[in-house]
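# Coordinates in review
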Amino acid sequence: DVYQTLSINVENGAWSTNAGDGAYSVSVGSIFAPNAETWIDSRDALMALQIATGSIGVDDLDNALQISAADIDGNGSVSTLDAWYLLRHVVGYDAPNIGDVFLVDASFDLSQISAANSQPDLVDQIVINSAQTSAQWAYVVGDVNGDYLL
C-alpha cells in the first residue's frame, strides 16, 4: 500500500484539504476537540436537562445536532442521566465521551433527531477527489449550547 499525507485545515467550523491530484479515502477515527473541557460548562448541563424533560425541543435550538451533543452516554436518547454526566464533568469528575467529535453527512435529514432519537447516522469514511465535494456537520459531545469552535 502507498500512503500519502493529507492535511486537513479547520477554520470557523469549515474544513479543507491540501493534497496533490488524485482521489483519497479518509477513514474517520477518533476525533477529540482540543480544550473542550474549558467550553463545556453548567449551561450545557442545564440545556441537556431541559431537552431531557421536554422544556425545550428541536424547534427551540439553533441546530438539531445540539440534541445529539446532549446524549453524553451515547445510548440514543437524552435523559436526566446525561445532564448528570455533564454536571460531574463541570465539577471535575470523569464523564464518558465528553469532547468527542462526530461527523454527520450534511445531506442527513436533521428533522429525524429528537430527545428520544438523538443519534444520527455518523460518517466513518470520507472520499475526496477533484470531481466531488464532501460536506459534513460536526458536533462535540457535551457542547449542547454550541459555543465551542474548532
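None of these values were measured; they are calculated from a predicted model.

Here is what the cut-offs are and how they apply
- Residues numbered from 1 in each chain as written.
- Predicted model: local features only at pLDDT ≥ 70, side-chain atom pairs only at ≥ 80, totals over all residues.
- Heavy atoms only, no water.
- Helix = DSSP H or I, 4+ residues; strand = E, 2+ residues; numbered from the N terminus.
- Buried < 20%, exposed > 50% of the residue type's maximum accessible area, 1.4 Å probe, protein only.
- Contact = heavy atoms within 4.5 Å.
- Phe/Tyr/Trp six-rings, centres within 6.5 Å; stacked < 30°, edge-to-face > 60°.
- Patch = residues over 30% accessible without salt bridge, like charges linked within 9 Å, V, L, I, M, F, W, Y side chains within 5 Å.
- Areas by Shrake-Rupley, 256 points an atom, 1.4 Å probe, with all protein chains shown as cover.
- Salt bridge = Lys/Arg side-chain N within 4 Å of Asp/Glu carboxyl O.
- Expected span 1.5 Å × (residues − 1).
- Arc of directions from axis to C-beta.
- pLDDT = per-residue confidence, 0-100.
- Axes fitted to C-alpha atoms, helices over the stretch in contact; angles between N-to-C directions.
- Parallel < 35°, antiparallel > 145°, perpendicular 65-115°, else oblique.
- Nonpolar A, V, L, I, M, F, W, Y, C, P; charged D, E, K, R; others polar.

### Points about the overall build of the protein
Regarding its fold elements, the protein presents four helices and six strands. Walking the protein from its N terminus toward its C terminus, one meets helices and strands in the order β-β-β-α-α-α-α-β-β-β. Among the 150 residues that make up the protein, the fraction classed as buried is 35%. Look at the contacts in the protein between residues 6 or more apart in sequence, and 71% of them connect residues 24 or more apart.

### Quick notes on the environment of Gln-50
In this structure, Gln-50 sits in helix H2 (residues 42–53). If sequence neighbours within four positions are ignored, Gln-50 has contacts with Ser-55 and Ile-56.

### Quick look at the packing of aromatic side chains
In total, this model carries two aromatic pairs according to the counting rule given. Between the aromatic rings of Trp-84 and Tyr-85, the centroid separation amounts to 5.5 Å while the plane-to-plane angle is 50°, which identifies the pairing as tilted.

### Focus: a nonpolar patch on the surface
A contiguous nonpolar surface patch, about 310 Å² in accessible area, is contributed by Val-90, Val-91 and Tyr-93. With respect to the element layout, Tyr-93 can be found in the loop between helix H4 (80–90) and strand E4 (101–105).

### As for the environment of Leu-49
Assignment of secondary structure puts Leu-49 in helix H2. Placed 35 residues apart in sequence, Leu-49 and Trp-84 show a C-alpha to C-alpha distance of 8.3 Å. Those residues in contact with Leu-49 that lie beyond four places of it in its chain are Thr-80 and Ala-83.

### Quick look at H2
Its 12 residues place the ends of H2 16 Å apart at the C-alpha level, agreeing with the 16 Å of an ideal helix rising 1.5 Å per residue. Of all the residues in H2, the buried ones are Asp-44, Ala-45, Met-47, Ala-48 and Ile-51. Mapping the buried residues of H2 onto a view down its axis gives an arc of 165°, with all of them on the same face. Buried residues belonging to H2 abut helix H1 (36–39), helix H3 (65–70) and H4. One or two steps after H2, the chain reaches Gly-54, where phi turns positive at roughly 85°.

### A closer look at the confidence of the model for the protein
Summarising the model, the protein shows a mean pLDDT of 80, and 69% of its residues fall at 70 or more. No element of the protein has a lower mean pLDDT than strand E3 (residues 24–27), which averages 55, and none a higher one than H2, which averages 97.

### Side note on H4
Helical geometry: 3.6 residues make up each α-helical turn, so side chains three or four residues apart lie on a common side. Taken as a whole, H4 has its buried residues at Asp-82, Ala-83, Tyr-85, Leu-86 and His-89. One side of H4 holds all its buried residues, which, seen down the axis, span an arc of 155°. Looking at the buried side of H4, the elements it contacts are H1, H2 and H3.

### Here we look at the packing of H2 against H4
Two elements in contact, H2 and H4, have axes whose closest approach is 8 Å; the angle formed by their N-to-C orientations is 175°. As summarised for this structure, H2 and H4 are arranged roughly antiparallel, according to the angle between their axes. Residue-level contacts link Ser-42, Asp-44, Ala-45, Ala-48, Leu-49, Ala-52 and Thr-53 of H2 to Thr-80, Ala-83, Leu-86, Leu-87 and Val-90 of H4. Across the contact of H2 with H4, the residue classes break down as eight nonpolar, three polar and one charged.

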